[in-house]
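Secondary and tertiary structure notes
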Amino acid sequence: MDRAARLRKRGSLQARDRQTISKATGERLFSVPNFLELIQTNNNTINNKRGSVIIYGNRNNKKLIRAGNLDGLVELLTADEGDTQPAYVETFVATHSYFVDSQSLMTRLMERFYDSEDGRVIDVFKKWMTFYFEDFTEENAIFFNMFLSDLGSKGFEAHADDLRSVFRVQGEAYRKRLTQEEVDAEKERAALAVSEDITHRVPDLEDDDHDPADIARQMTLIEERLYKEISLREFLQLAWSKKDGKEKAKKLTRLINRFNAVSFWAASAILTCDHSSKKRSKMLSLFIQVADACLNLQNFQSAMQLYSTLNLTPIERLEKEWNSLPKKVSQMYERLKEFFESGGNFKRYRETLAKVEAPAIPVLSFILSDLTMIEENKSSIKIKVSEGSGIQGGSAIPGSGGSGIQAEGGSGIQGGGDGGSGSGIQAGDGSGIQAGGGSGIQGGGEEEEEESELVHFEKMSMIYNTLSQLKKCGNVAYPRDDHDNGGDHNENGEKRERDKKANKASTAREELVKMLTDLPRLSEKELYDLKNDTKKKVKDLKKALKASRKK
């Protein structure tokens, strides 16, 4: 029994209770619960070489890999550029954990190299190590080095040396990152050990201490550093939302927590700065100006953090303070409101981000929301199969060679076996092909060897494209000078600024950076419960603290 016949048989068995067939404008229409792709077969091609299957599509006149089995997708890693889509290799190595473990993928690539001796396989390994060296550690490192030894023994010394060089460089960089993570973790533990005394959790900030542009700049440099420390892998499979998220997505979880911390830090500074509304109005004005400066720097993350501060109930209810704002500052706030208007799924922000040039910092919560939508949407979708065409197998040209999966009678394309779940994850734009959960376009019969499932690669592309915002925005770093983030030494280790005024400014900047790192703040409950008598008490405590420091 050939593959097409097996698929027809399986489809027929499932059709009785899983499909309904109707006529509509000359096409057979299959309504299949949780099957994820609108397939118009005259726009798709399946390549079948050595058991590989690839389904092509088109979007905006560009070739798109909709789905394929693992053999087919691995072959495409070394295919000519015209046979794949843009950033195919990058998408594959970034998201491969969805459909194959790292050691199995290494094995496939090794087999691919020995079959073809294609140097492009070596290029795939190099790109993989460069961006995701964590996949080449522990047991995988031993396995990979055995491959390098084997390469050398079989006459491919140049390739082996090339890979060893990349492995050595990236391995050293990876170990440095791990060491820095341990240092950061120790600092975080020390910060948690700070006294519960309220004076240690109230920002020691005055409205005239720092220029708004300088505060915005230091916030931007800190956010940029924290973003760049996050591995793209922490964004995959909603790792940050799982019970073990703090372990699997450490850096991402830290940045998520920082969003609220910044908002509460700014709110604490406004509400505890003084007992008078005039002083609080000045502090409110300061943070609006800082948010506006963040927008100008294209630091949308910090701008959104401070915009969230301004929308907290304890801040919104400061009616007298809001009414006392200068006209120019009120206009800045209106600009913030317009930019982060939620209508059209934050249309203004998204349009700006699409056109922005690096450096820039996107809003983290929007990225996580987009990823969640892609991963969790399980809406039913309809499958159209044009009359008399079907999905062709055994040929690279639709409608030629071999027979296809025809939409005949009560049969059709049905995923899974008798125990298949038929479940899937709906892509954000309603497109894609089901890959997992026991469903998908699948071969095999009762007496035949089971065919491998198709990987829903369009979903992988959507995930990678969403995360490409981070790469695009971070392609160019924000400019720095020797004083940024507290640095104030030249190459010889001597003070660059010697006069008293410059040293005082440098010290103030160091204190600002420390404050923006530690983010002293009241809890959400304390902010909501803050009364005038409490503000006066805090003011007196801050004065006493300053006096003790001077003494």
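The notes below deal with the structure included here. As the structure is a computational prediction, the values presented were derived from the model and not from experiment.

Another aspect to go through is the packing of aromatic side chains. Scanning the entire structure with this criterion turns up 28 aromatic pairs. When the centroid spacing of 5.1 Å and the interplanar angle of 80° are considered together, the rings of Phe-136 and Phe-144 count as edge-to-face. The pair formed by Phe-136 and Phe-144 is uniform in burial state, with each residue classed as buried. Grouping aromatic residues by their ring pairs yields a cluster made of Phe-113, Tyr-114, Phe-125, Trp-128, Phe-133, Phe-136, Phe-144, Phe-147, Phe-156, Phe-167 and Tyr-174.

Grouped together as the largest cluster of nonpolar side chains are 125 residues, with contacts concentrated most on Phe-92, Phe-125, Phe-144 and Phe-340. It is helix α10 (residues 250-272) that provides the largest number of residues to this core, a total of twelve residues. Residues from two domains meet in this core; each of domain 1 (101-194) and domain 2 (195-359 + 505-549) gives at least three. Apart from the residues within four sequence positions on either side, Phe-144 is in contact with Met-106, Met-110, Phe-125, Met-129, Phe-136, Leu-163 and Phe-167.

The pairing of strand β4 (residues 54-59) with strand β5 (residues 62-68) spans six bridges and is antiparallel. Bridge pairing links Ile-55 to Ala-67 in β5. What sits between β4 and β5 in their antiparallel hairpin is a turn of two residues, with Asn-60 showing a positive phi close to 55°.

A separate point is the pattern of salt bridges. It is possible for side chains bearing opposite charge to pair when their charged atoms get close. Enumeration over the complete set of coordinates arrives at 26 salt bridges. A salt bridge links Lys-228 to Glu-224, with the nearest nitrogen and oxygen atoms 3.6 Å apart. Of this pair, Lys-228 and Glu-224 both sit in helix α8 (residues 212-228), four residues apart, roughly one helical turn. We note a salt bridge from Asp-370 to Arg-350, for which the minimum N-O separation is 2.9 Å. Linking Asp-370 in helix α17 (residues 364-376) with Arg-350 in helix α16 (residues 343-355), this pair joins segments that are 20 residues apart in sequence. Look at Arg-350 and you get partly exposed, because its relative accessible area is 25%. Beyond isolated ion pairs, a larger network of salt bridges with shared partners links Arg-225, Glu-229, Lys-251 and Arg-254.

At their nearest, the axes of α10 and helix α11 (residues 277-296) sit 8 Å apart, and the two run at 155° to each other. When the interaxial angle is binned, α10 and α11 end up roughly antiparallel. Contacts between α10 and α11 pair Trp-265, Ala-266, Ala-269, Ile-270 and Leu-271 from the former with Arg-280, Met-283, Leu-284 and Phe-287 from the latter.

Analysis parameters
- Residues numbered from 1 in each chain as written.
- Predicted model: local features only at pLDDT ≥ 70, side-chain atom pairs only at ≥ 80, totals over all residues.
- Heavy atoms only, no water.
- Phe/Tyr/Trp six-rings, centres within 6.5 Å; stacked < 30°, edge-to-face > 60°.
- Buried < 20%, exposed > 50% of the residue type's maximum accessible area, 1.4 Å probe, protein only.
- Core = buried A, V, L, I, M, F, W, Y, C linked by side-chain atoms within 4.5 Å.
- Helix = DSSP H or I, 4+ residues; strand = E, 2+ residues; numbered from the N terminus.
- Domains from an automatic or database assignment.
- Contact = heavy atoms within 4.5 Å.
- Pairing = 2+ DSSP bridges.
- Salt bridge = Lys/Arg side-chain N within 4 Å of Asp/Glu carboxyl O.
- Axes fitted to C-alpha atoms, helices over the stretch in contact; angles between N-to-C directions.
- Parallel < 35°, antiparallel > 145°, perpendicular 65-115°, else oblique.

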